[in-house]
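Okay, here's what each chain looks like letter by letter:
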Amino acid sequence: RSLDLSLEICRKASLKRTCGFALSNQGNLLMWEGKLDQAKVKQQEALAIWNDVNNQGDAAESNVAIAKLSIEQGQAVEAEALVRDARDIFRKKKWAGDEIWADSVLAMALLAEGKPGEAAKEIDSVTAEKLQNEEVRLEFALATAFVRAASGKPADQSAAIKVLGATLGEATKHGFVGYQLEARLALGEIEMQSGRPGASAHLGQ
């Protein structure tokens, strides 16, 4: 309701950039609600505004958000192209946090395309120790866990489970409920694949 009101006000006042942020935030909210088609429409509307005002940085962020949605919708090839273009812009602007966010989404796109080796190269190329943005850290940790587990090797699966345990703790500490759920789901999936006990506990929470 707050975002709807914000959007109504900024449209009346012709505040395009504010409208772009409102639309992007609506898209993020709809994504967490599982309304992927509606979320993509909002992100595309935001993208149209960024392009109209020639704002490359915010346009790139919207494209990464659209790429994430495309992966969930089974459109990984489209997602890969979008996120590679966005990452190039982040690199030019030296936006390190956004670049790592793009790396994470790119790895997930490659994984969805059946390219675990390429996905692993993307993850291995990232230095995330000093990353300050908590959301991006969680995104990267989730992508790392999925990529490690994709190898099917027991050692990699154990490493993925360890990463996810830490991710769940961080998400819980900082109140990121969506990432808590994603971490639990990933833990359950990986434990089922590896034949470990405890998968049903994570999936049932």
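What you are looking at is a predicted structure, and each value in this text was computed from that prediction instead of being measured. Position labels on residues start from 1 in each chain and follow its written sequence. The model is predicted, so local features are restricted to residues of pLDDT at least 70 and side-chain atom pairs to those at 80 or more, both for listing and for counting; the totals for chains, interfaces and linings are taken over all residues. The basis for the side-chain values is all heavy atoms of the structure; hydrogens and waters are excluded.

Caption draft 1: Expanded view of the pattern of salt bridges. Counted as salt bridges are all cases of a side-chain nitrogen of Lys or Arg within 4 Å of a carboxyl oxygen of Asp or Glu. Summed over all chains, the structure comprises 13 salt bridges. Across the pair E33 and K35 runs a salt bridge whose closest N-O atoms are separated by 3.4 Å. Relative accessibility under 20% of the residue-type maximum defines a buried residue, over 50% an exposed one, and the middle range a partly exposed one, all with a 1.4 Å probe and only protein chains included. Of the residues examined, K35 reaches a relative accessible area of 38% and is grouped as partly exposed. Among the ionic pairs, E99 bridges to R91, the shortest N-O distance being 2.9 Å. Taking relative accessible area as the criterion, E99 reaches 21% and is therefore assigned partly exposed. For R91, a relative accessible area of 40% translates into the label partly exposed.

Caption draft 2: Geometry of the state of the cysteines. To count as a disulfide, a pair of cysteine sulfur atoms needs to be within 2.5 Å. Evaluated as defined, the whole model comprises 1 disulfide. One disulfide bridge connects C10 with C19, the sulfur atoms lying 2.2 Å from each other. An S-S torsion of about 120° defines the bridge between C10 and C19 as right-handed. A relative accessible area of 2% means that C10 is categorised as buried. Assessed through its relative accessible area of 6%, C19 is described here as buried.

Caption draft 3: Geometry of the nonpolar core. V64, V83, I100 and V105 are the most contacted members of the largest nonpolar core, which has 26 residues in total. We count a stretch as a helix when DSSP gives it H or I for four or more residues in a row; a strand needs E for two or more, and each element gets its number in order from the N terminus. Looking at which element gives the most residues to this core, the answer is helix α6 (residues 96-112), with 8 residues. When checking whether two residues touch, look at their non-hydrogen atoms; a contact exists if any pair is within 4.5 Å. Look past the residues within four positions of I100 in its chain and what remains in contact with it is V126, T127, A128, L131, V136 and F140. Only buried residues count toward a nonpolar core, which is a set of Ala, Val, Leu, Ile, Met, Phe, Trp, Tyr and Cys residues joined through side-chain atoms within 4.5 Å. Residues L142, A160, A183 and A186 belong to the second largest nonpolar core, which totals 14 residues.

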